[in-house]
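Structure assessment
Chain residues, written in single-letter form:
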Amino acid sequence: MESAVKDRNAQAPKKPRKGATAEEMSARQKEVSVSEFFVKNRHLLGFDNARKALLTTVKEAVDNSLDACEEAAILPEIVVVIEDLDPKRPATAKSSRYRVTVIDNGPGIVRKQVENIFGRLLYGSKFHRLKMSRGQQGIGISAAGMNGLITTGRPMVITTKPGAKQSAHFIELAMNTKTNRAEVTLDKETKDFPPERFLGLTPGTRQLSREGKFLSEESFRTGTSVSIELEGKYQKGRGSVDEFLELTAIANPHARIVFVPPTRVSQDDADDMLPGTSAAAAEDGKSSAPVQTSETGGVVVYPRGIEELPPETREIQPHPKGIELGILLQMLKDYEASEKGSLYEFLQTRFCRVSSATASRMCSAIGVTSRTRAGDIEAPQAEKLFKVFEDEKLPPPPTDCLAPIGVRQLLAGMLKGVKAEFYAASTREAAVYRGRPFQIEAAIAFGGDLPGDQSARVIRFANRVPLLFQQSACSSFKAVEETPWKNYAMQQPRGSLPVGPLVVMIHMASVWVPFTSESKEAIADYDEIRKEMRLALMECGRKLGTYLRKRQKMRRESERRDVFERYIGEIAKAIHAITGDDAKKLYDALLEQARRKTAVADQQLDEDGKVVKEDDEPFDDDGVIVVPSAIAPVEIAAPIAPVSFDEPKAAEKGRAAKGAKGAKSPEPRAKNAAKAEAKPDSKPAAKAAPAIVTRKDLASRPAPEPKPAAKPSKRFDDDDPRLF
């Protein structure tokens, strides 16, 4: 019975599914706000996971603070505080709730703009202007507040003081993701700026505040404080807040940054931080030492390396060779709606590098006069004008819109952040991609405490902002791999990074950096950009190669002197036994000659192999710094006992007799040593150049076992330990 029912159901035809009508489909369509879109796609903005969300929040707030201070011509002083709001969580918890607060001494924000700046996505002053800045899209800090609101339900807290004699505004606001607008829940005036509660937050803040080095009223006459609660994870190592602040201090040596970390830290990753960036790298008691990072009661201070602001930048107009046809048509419509001027005026005012003669020539090329209105240009004529742009020879765009770090500042930042023995920096001339000017800078640090058995560390910057993720997709990383480091005395496996104690830094300054995503984690791989990066690295590599070859020559000469000193005592005794000359004078003369022949080993070198004088400036014109105290000393196989010639004269006859009997034994050795001394410049056959050994490599080796002290030798005895 049941099988029959199943057969009938299987044979019965299925009713066709009723589809939706056009009216029903149109009724379901509605506009999506940009904030609502990014709520569902927060990974596009850098909020992939708890650890990255914490870093992105700090990054966006610090970038805004640096931009505001530089635009107001104020030396930046920034305080970053991360408070753990759930310190008693279990050890297995994957995330915790934190409160991130960033305080700066910038110009502050006027009250009517607070809701727009912190409560709306894609709202800002930097998107349409062609001028170098860290922020570009007007998304960052608003997205950080939106992420905090979604994960904790807590609004942002903003305290801003736009005037030194004005009261500060204390505001709590939350973003309405449906409307992309801010909703203010609390608004009042206060005199608590900078916030007083941070002065006694930790033992380190209390000590620094007593010394006037933490949130002093003199330094923070104006400014802004932003607090965001969010679900995150604080963890040290690569891609952490600590690394971001360290690299920011390197690229912005004019800024002073104070970091108050949370009381509880998750299990750290492998310690891949830059050697010399911790508090242990500070050289206490040396007034001439470069400023370096210090730590007080857990509070990390990245000091200001220079007292100069970056050069002021100016906004420029688009370059004719950097626009597309559709953009040209839209620019013509906008100009007609606002100015209603001629095409001749449009070309000169809306583009850079277009002179009056060039504008007149372009008008004639498309068959119009200089008085033709821009609104009368039809699409075919606009297309002809676009082709004229491509064929016309125009000067490159101006570069006063860029503010590169500069060679001196690069070296100051590297000295502050990396403890090495050799530093070199290079700044390329400005170049153009898609009509937008950009400038590439590179710096390297070699030796010192850097590990010698690992691949080189690459740190990347775009408009002075560190890039911590998507390294392999970045044009900077690819440029380092393509640089021929073998030509500069470095080891480099095929198609990969060089191996050795090396840190490579690359910075791109541009009016519009072509990032691969909205999270601004990697630079797009344009051929023009990668070429400039490679040329800058090669310039630094040539300086490093020259230095390494000179260091290898110094090492060879030092080893050569070591051989001389081991044989000089024997030679002096043998000659005395043969000729009777004073052995002490012979020894001193031969020792002086050996030191003169190997004088290169005692020199302090710059990149050209020249002697560096003690009173020279640490910065030279070629962008190179050598730190003699960080250079690894030359390894000596065994200590050489000093030769003693002060023997009683009573034993001379006995020794002379012994010397006469055994004169045949040391004579061949004396002749061979004298022959080697007669040709001091001869190269050893088939001997490879010694490798550079770093101080860290020497420190990691086990200490040699102490050897028993040699007995005082008697003059010209056959059992003298210096005789073979």
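Residues numbered from 1 in each chain as written. Predicted model: local features only at pLDDT ≥ 70, side-chain atom pairs only at ≥ 80, totals over all residues. Heavy atoms only, no water.

Side note on the overall build of the protein chain
Selection rule: Secondary structure elements follow DSSP: runs of H or I of four or more residues count as helices, runs of E of two or more count as strands, with numbering from the N terminus. Each residue gets one of three labels from its accessible area relative to the maximum for its type: buried under 20%, exposed over 50%, partly exposed in between, using a 1.4 Å probe on protein chains only. Here, residues are in contact when the closest pair of their heavy atoms is within 4.5 Å. Only the protein chains shown count as cover for residues, and the accessible areas themselves come from Shrake-Rupley with a 1.4 Å probe.
For the protein chain, the helix and strand inventory stands at 19 helices and 16 strands. Classification of the 724 residues of the protein chain by burial places 48% in the buried group. Long-range pairs, those at least 24 residues apart, make up 75% of the contacts in the protein chain with a sequence separation of at least 6. In the structure as shown, the protein chain presents an accessible area of about 37200 Å², 50% of it carried by carbon and sulfur atoms.

Some thoughts on the packing of helix H4 (residues 50-71) against helix H8 (residues 241-251)
Put simply, the rule reads: As a rule, the C-alpha atoms of each element are fitted with a line to give its axis, helices using only the stretch in contact, and angles between N-to-C directions run from 0 to 180 degrees. With respect to orientation, any angle under 35 degrees is reported as roughly parallel, any angle over 145 as roughly antiparallel, any angle of 65 to 115 as roughly perpendicular, and every other angle as oblique. We call a crossing left-handed when the near helix sits turned anticlockwise from the far one by less than a right angle, and right-handed when that turn is clockwise. Only Asp, Glu, Lys and Arg are considered charged in this grouping, and only Ala, Val, Leu, Ile, Met, Phe, Trp, Tyr, Cys and Pro are considered nonpolar; every other residue, Gly among them, is considered polar.
Contact geometry for H4 and H8: axes closest at 9 Å, N-to-C directions at 25°. Taken together, the axes of H4 and H8 lie roughly parallel to each other. Every pair of crossing elements has a handedness; the one defined by H4 and H8 is right-handed. Here Leu54, Leu55, Val58, Lys59, Val62, Asp63 and Leu66 of H4 lie close against H8, whose contacting residues are Val241, Phe244, Leu245 and Thr248. Split by residue class, the contact of H4 with H8 holds eight nonpolar, one polar and two charged.

Considerations on the pattern of salt bridges
Put simply, the test is: We define a salt bridge as a side-chain nitrogen of Lys or Arg found within 4 Å of a carboxyl oxygen belonging to Asp or Glu.
Under the counting rule described, the total for this entry stands at 26 salt bridges. A salt bridge links Arg99 to Glu229; the shortest N-O distance between them is 3.2 Å. Residue Arg99 is found in strand E2 (residues 96-104), and its partner Glu229 is found in strand E6 (residues 223-232); the two are separated by 130 residues along the sequence. Connected via shared salt-bridge partners are Lys478, Glu482, Asp525, Arg530 and Arg534.

Comments concerning the pairing of strand E5 (residues 181-190)
To be explicit about the condition: Only strands joined by at least two bridges in the DSSP assignment are considered to pair.
Looking at chain direction, strand E4 (residues 168-176) and E5 are connected through nine bridges and run antiparallel. Bridged to His169 within E5 is Glu189. Taken together, E4 and the strand that follows it, E5, pair antiparallel across an intervening segment of four residues, in which Asn180 is found at a positive phi of about 60°.

Examining the packing of aromatic side chains
The line we're drawing: Stacked, tilted and edge-to-face are the three classes applied to pairs of Phe, Tyr and Trp rings, where Trp contributes its six-membered ring and a pair requires centres within 6.5 Å; stacked means planes under 30 degrees apart, edge-to-face means over 60, and tilted covers the rest. Remark: a charge is flagged as sitting over a ring if the NZ atom of Lys or the CZ atom of Arg is within 6 Å of the ring centre and within 35 degrees of the ring normal.
Under the criterion given, the structure shown has nine aromatic pairs. Aromatic pair Trp485 and Tyr488: ring centres 6.3 Å apart, planes at 80°, arrangement edge-to-face. Accessibility classification places Trp485 together with Tyr488 in one group, the buried group. Among the aromatic residues, ring-to-ring pairing joins Tyr335, Phe346, Phe351 and Phe389 into one connected group. Positioned above the aromatic ring of Phe469, the side-chain terminus of Lys52 is 4.7 Å from the ring centre. Here the guanidinium or amino end of Lys188 rests over the ring plane of Phe170, the centre of that ring lying 5.2 Å away.

Re the pairing of strand E3 (residues 156-161)
Counting buried positions over the six residues of E3 gives five, a clear majority of the element. Pairing of E3 with E4, which is carried by five bridges, proceeds in the antiparallel orientation. Pairing of Thr159 across the sheet is with Phe170, part of E4. Linking E3 to E4, which pair antiparallel, is a turn of six residues.

Here we look at a negative patch on the surface
Test applied: Each patch is built from salt-bridge-free residues with over 30% relative accessible area, joining like charges within 9 Å and nonpolar side chains (Val, Leu, Ile, Met, Phe, Trp, Tyr) within 5 Å. A residue counts as positive if it is Lys or Arg and as negative if it is Asp or Glu; His and the chain ends are not included. Think of each charge as sitting on NZ of Lys, CZ of Arg, CG of Asp or CD of Glu.
On the surface, Asp192, Glu196, Glu217 and Glu218 cluster together into a negatively charged patch. When you line up the elements, Glu196 lands in the loop between E5 and helix H7 (203-210). On the basis of relative accessibility, which here comes to 56%, the residue Glu196 falls in the exposed class.

Re the sheet that holds E3
With mixed pairing, nine strands are arranged side by side in an open sheet as E5-E4-E3-E6-E2-E1-E7-E9-E8. Edge strands, defined here as strands with exactly one partner in the open sheet, are E5 and strand E8 (294-296). When the angles between neighbouring strand axes are averaged without regard to direction, this sheet yields 20°. Two elements, strand E7 (residues 256-260) and strand E9 (residues 299-302), share three bridges in a ladder whose sense is antiparallel.

With respect to the packing of H4 against helix H6 (residues 140-152)
Packing of H4 against H6 brings their axes to within 9 Å, and their N-to-C directions diverge by 145°. For H4 against H6, the interelement crossing comes out left-handed. In this structure, H4 uses Ala53, Thr57, Glu60, Ala61 and Asn64 to contact H6, whose residues at the interface are Gly140, Ile141, Ala144 and Asn147.

Section: the side chain of Ser227
Mapped onto the fold, Ser227 is located in strand E6. A residue is classified by how much of its surface remains accessible, and Ser227, at 12% relative accessible area, is buried. Filtering out sequence-adjacent residues up to four positions away, Ser227 remains in contact with Arg99, Val100, Thr101, Met156 and Val157.

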